[in-house]
Amino acid sequence: MSINWYPGHMKKATDEIRQKLSLVDLCCEIRDARIPSSSANEALRLLTAKKKHIILLNKKDMADAKETEKWIQALQQKGQTALAINAVHERPAKALYDLAATLLAEEQSKRKEQSRINREIRLLVYGIPNAGKSTFINAMSGKRSAAVGDRPGFTKQQQWIKTDADLLLLDTPGILPKKLTERQSLFLACTGAIRDDILPLQDIGYWLLELLLTLAPKAVTDRYSLAENEGERETLGVMESIARYTGSLLRGGEIDYTRTAAILLDDFRKLRFGRITLESAPIAQKDEG
């Protein structure tokens, strides 16, 4: 199973990024710290490849802290600049400016040598829908500059945003890759990056439960008052036990799998299982010598 959900505003936004790329100094990609790989947009990264990049793992408060640190190390090992943030409760302006200034030190030095007017650093901000991009923009500017919504595809146009840290941000709508693999689609669906009606809700809930039983089995059994060995059963059996516990039954006592899946997704997104990273960081390669 793969999906191709690429609304017109996403194509328009991609074209505008291509047109405005010459105006920016570097690019900042917002990813979801719970799914650092699946929330990347490789097509946009290739489009902006000539610019230096900063990767921000947003929603670190929703992800496993140790796993986030492993992801930062893995990205840095690949030569990428990465920083974990919580855009809801932090104002990462200074940390981001310091990173940007370090990356652009050579360019800024050339500007001074050429006696060009010193100006703010222009940063293109992009990411998939619902990764917290608009929340980040507002945290950077200290005001509600970008509209914030809890559904994917909320931002529809690009705009320049001023900050108090000599950074000028070009905000863009959330953009998904044109084609998504089955695995990427399910990860994005679990975190709300694509609408819940794009894929069958039962499939998303089942797959999420399968992951949770591997990553946090005790959190699942505790949440739904299941027997201690319940997590060792097949996923479908556990899902049916959760349905009975939550009263997710149809007339005649049949299991309402859609409602059960919706409850599982809601509990995950509201941290009722705790802070969980769905994608494990790649194992760091040790230098030989």
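Residues numbered from 1 in each chain as written. Predicted model: local features only at pLDDT ≥ 70, side-chain atom pairs only at ≥ 80, totals over all residues. Heavy atoms only, no water.

Q: Just to check I follow, could you spell out the overall build of the chain for this structure?
A: Broken down by element type, the chain carries 11 helices and 6 strands. In the chain, which comprises 289 residues, the share counted as buried stands at 50%. Considering only contacts in the chain between residues 6 or more positions apart, those separated by 24 or more positions represent 69%. Entry remark: accessible area of the chain is about 14800 Å², with carbon and sulfur atoms responsible for 48%. (Helix = DSSP H or I, 4+ residues; strand = E, 2+ residues; numbered from the N terminus. Buried < 20%, exposed > 50% of the residue type's maximum accessible area, 1.4 Å probe, protein only. Contact = heavy atoms within 4.5 Å. Areas by Shrake-Rupley, 256 points an atom, 1.4 Å probe, with all protein chains shown as cover.)

Q: I keep staring at the environment of Ile194 and nothing clicks. Help me out?
A: Of note, Ile194 is situated in the loop between helix 7 (182-191) and helix 8 (201-215). The exposure class of Ile194 is buried, given its relative accessible area of 1%. Separated by 64 residues in the primary sequence, Ile194 and Asn130 place their C-alpha atoms 8.1 Å from one another.

Q: For this particular structure, what's the right way to read the packing of helix 10 (residues 235-246) against helix 11 (residues 257-269)?
A: The description of two helices packed together rests on the angle between their axes and the distance between the axes. With their axes 10 Å apart at the nearest point, helix 10 and helix 11 run at an angle of 85 degrees to one another. With respect to each other, helix 10 and helix 11 are oriented roughly perpendicular. Where helix 10 abuts helix 11, its residues Leu236, Met239, Glu240, Ile242, Ala243 and Thr246 lie against Tyr257, Arg259, Thr260, Ala261, Ile263 and Leu264. Residues of the contact of helix 10 with helix 11, tallied by class, amount to 8 nonpolar, 2 polar and 2 charged. (Axes fitted to C-alpha atoms, helices over the stretch in contact; angles between N-to-C directions. Parallel < 35°, antiparallel > 145°, perpendicular 65-115°, else oblique. Nonpolar A, V, L, I, M, F, W, Y, C, P; charged D, E, K, R; others polar.)

Q: I'm lost on the sheet that holds strand 2 (residues 52-58) in this one. Help?
A: Strand-to-strand pairing in sheets goes through backbone hydrogen bonds, with the strands running parallel or antiparallel. In spatial order, the strands read 3-2-1-4-6-5; together these 6 strands make up an open sheet with mixed pairing. Because the sheet does not close on itself, it has two edges, and the strands there are strand 3 (81-84) and strand 5 (159-162). Strand-to-strand twist of the sheet, defined as the mean angle between neighbouring strand axes without regard to direction, takes the value 25 degrees. Bridging between strand 1 (residues 26-32) and strand 2 involves 7 bridges; their strand directions are parallel. If you follow Ile30 over to strand 2, its bridge partner there is Leu56. Against the sheet, helix 3 (residues 65-77) touches strand 1, strand 2 and strand 3, its axis set at about 170 degrees to strand 3. Each of strand 1, strand 2, strand 3, strand 4 (121-127) and strand 6 (167-171) touches helix 4 (residues 93-103); the most contacted strand, strand 2, lies at about 155 degrees to it. (Pairing = 2+ DSSP bridges.)

Q: Would you take a moment to explain the pattern of salt bridges for this structure?
A: In a structure, side chains of opposite charge can pair up when their charged atoms sit close to one another. Summed over the entire model, instances satisfying the criterion amount to 14 salt bridges. Between Arg269 and Asp196 there is a salt bridge whose closest N-O contact spans 2.9 Å. Of this pair, Arg269 sits in helix 11 while Asp196 sits in the loop between helix 7 and helix 8, placing them 73 residues apart in sequence. Across the pair Arg272 and Asp267 runs a salt bridge, and its minimum N-O distance is 2.8 Å. Linked through salt bridges whose partners overlap, the residues forming this network are Arg223, Asp266, Asp267, Lys270 and Arg272. (Salt bridge = Lys/Arg side-chain N within 4 Å of Asp/Glu carboxyl O.)

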